[in-house]
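Structural overview
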Amino acid sequence: MSPGKVRVLLVFGGRSAEHEVSVVSARSVSAALDHRRYDVVAVGIDKEGGWHLLPGPPALPGTGELPAVGTGAGSDVSLDRVPGTRELVSSAGDREPIDVVFPLVHGPFGEDGTLQGLFEMAGIPYVGAGVLASAVGMDKAVQKILFTAAGLPVVPHEVVTEREWREDPEAVTARAEALGTPLFVKPAALGSSVGITKVKTLADLPPAVDDAFRHGRKALIEQAAEGAREIECGVLGNEDPVASVPGEIVPAAEFYDYRAKYLDESTRLVVPAEVPTEVAEEAQRMAVAAFRAIDAAGMARVDFFYREPDELIVNEINTIPGFTTVSMYPRLWEASGIPYPELVDRLIRLALERHELDRGRVGD
Ligand SMILES: Nc1ncnc2c1ncn2[C@@H]1O[C@H](COP(=O)(O)OP(=O)(O)O)[C@@H](O)[C@H]1O
Ligand SMILES: [Mg+2]
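Here we summarise the structure given alongside this text.

Here is what the cut-offs are and how they apply
- Residues numbered from 1 in each chain as written.
- Chains lettered and ligands numbered in written order.
- Predicted model: local features only at pLDDT ≥ 70, side-chain atom pairs only at ≥ 80, totals over all residues.
- Heavy atoms only, no water.
- Helix = DSSP H or I, 4+ residues; strand = E, 2+ residues; numbered from the N terminus.
- Rg over C-alpha atoms; globule rule 2.2 N^0.38 Å.
- Buried < 20%, exposed > 50% of the residue type's maximum accessible area, 1.4 Å probe, protein only.
- Contact = heavy atoms within 4.5 Å.
- Lys, Arg positive; Asp, Glu negative; His and termini not counted.
- Charge placed at Lys NZ, Arg CZ, Asp CG, Glu CD.
- Expected span 1.5 Å × (residues − 1).
- Pairing = 2+ DSSP bridges.
- Axes fitted to C-alpha atoms, helices over the stretch in contact; angles between N-to-C directions.

As a further point, take the overall build of the protein. Looking only at helices and strands, one finds eleven helices and 17 strands in the protein. The C-alpha radius of gyration of the protein comes to 21 Å, within 12% of the 21 Å expected for a compact globule of 364 residues. Taken along the three principal axes of its C-alpha coordinates, the protein extends 65 × 50 × 45 Å. The buried share of the protein, reckoned over its 364 residues, is 52%. Restricting the contact set of the protein to residue pairs at least 6 apart, pairs at least 24 apart contribute 66%. Between the mean site of the 35 positive side-chain charges and the mean site of the 55 negative ones, the protein shows a separation of 3 Å.

See below:
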């Protein structure tokens, strides 16, 4: 630890299916931080939720393998919750001061506002969306309500609870039928394409719905955006967010499923997306509107379905996008003139700025 340097706590790993991606993201961020100005404090969350203070984000173990945080790694730590203390406390009683957190944990218990709530309680500035926007960003049903209220188009869909499905499957099937096939069935609150099924005929609906409910009590049945391309924009900022150029995901599989996302080398990211200028500009406008609609902060990636020539539909917003050097979000900014190290730097400054704005308010 050196005086005058900003101590950045990188938090990564976590209990979701995106554990490994998160570790790789943290390694990339750690490597990109200007070590003349920042000291990195690394905390890995294992798959059971335990926190470990580590010398740094774990390295890639070898080709074809992904790094993970072991349950016995480093020393156990927790965050001191006394507001303003801003310290990690190890099980041995050692204290590690921190100035700002860069949370890189995807999915539940990381991207959904729970972790952000912990930082709020402790009075520590952190990168990215606050509690509300994080929670909304994790809930595909609620975010669609806010997008619609902001005038943004979403796919026709039905939100179904497990109770409704168990009590009256015929009624739910009728609602699905009205949307027309093919359909996508997905859990409301999960990322990484887990629990998502493309349903081509209504006969295949029940197993798809059951599968979605294995991951949560609320599911979405969506009309498939047939023939659509998938394009994404990065958004950066607090009060005056700006959007990056759009990029395109070209999956080799029928949809961008878990395999295609993390295991399939043939998925291509095209940056910038090859779309007409008007479409790119409209996507940027809509990305900023989506960011504002959920009251996001710092960063987010907004994903669209694009049907030629000019139809754009908002699919979803991600408040902690993948952050490896080859991930879409940093690549979009690279192509928009903000290299990776500068992006990380800006995000930390945005976190500190936002914290400063919120300080000293009534009720604080
Ligand atoms: N309504 C839909 N129409 C067409 N494709 C879809 C639809 N919903 C999901 N998909 C496909 O499934 C992928 C994952 O779905 P998404 O809702 O983005 O969930 P996740 O949060 O897991 O990324 C999308 O990138 C897309 O390829
Ligand atoms: Mg997605």
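Given a rise of 1.5 Å per residue, 17 residues ought to cover 24 Å, and the 24 Å separating the end C-alpha atoms of helix α9 (residues 277-293) matches this to within 8%. Backbone geometry just downstream of α9 places Asp295 in the positive-phi region, at approximately 60 degrees.

Structurally, Ser134 is set in helix α3 (residues 131-138). Dropping the residues within four chain positions of it, Ser134 is found in contact with Glu111, Asp112, Gly113, Gln116, Ala129 and Thr319.

If you walk across this open sheet you meet the seven strands as β6-β5-β4-β3-β2-β1-β7, and the pairing is mixed. At either end of the open sheet lies a strand with only one pairing partner, and these are β6 (95-97) and β7 (100-103). Between one strand axis and the next, the sheet turns by 35 degrees as a mean value, whatever way the strands run. Judged from the eight bridges that link them, strand β1 (residues 6-13) and strand β2 (residues 38-45) form a sheet pairing that is parallel. Paired with Val11 across the two strands is Val43, which belongs to β2. Each of β1, β2 and β7 touches helix α11 (residues 340-358); the most contacted strand, β7, lies at about 125 degrees to it.

Here the focus is the pairing of strand β16 (residues 298-307). With nine of ten residues buried, β16 is to be regarded as a mostly interior element. Pairing analysis gives nine bridges linking strand β12 (residues 229-237) to β16, with the strands arranged antiparallel. Bridging across to β16, Gly237 finds its partner in Gly298. Of the pairings in the sheet, the one linking β16 to strand β17 (residues 311-318) comprises seven bridges and is antiparallel in character. From the neighbouring strand, Arg307 faces β17, where its bridge partner is Glu311. The antiparallel hairpin formed by β16 and β17 contains three residues in its connecting segment.

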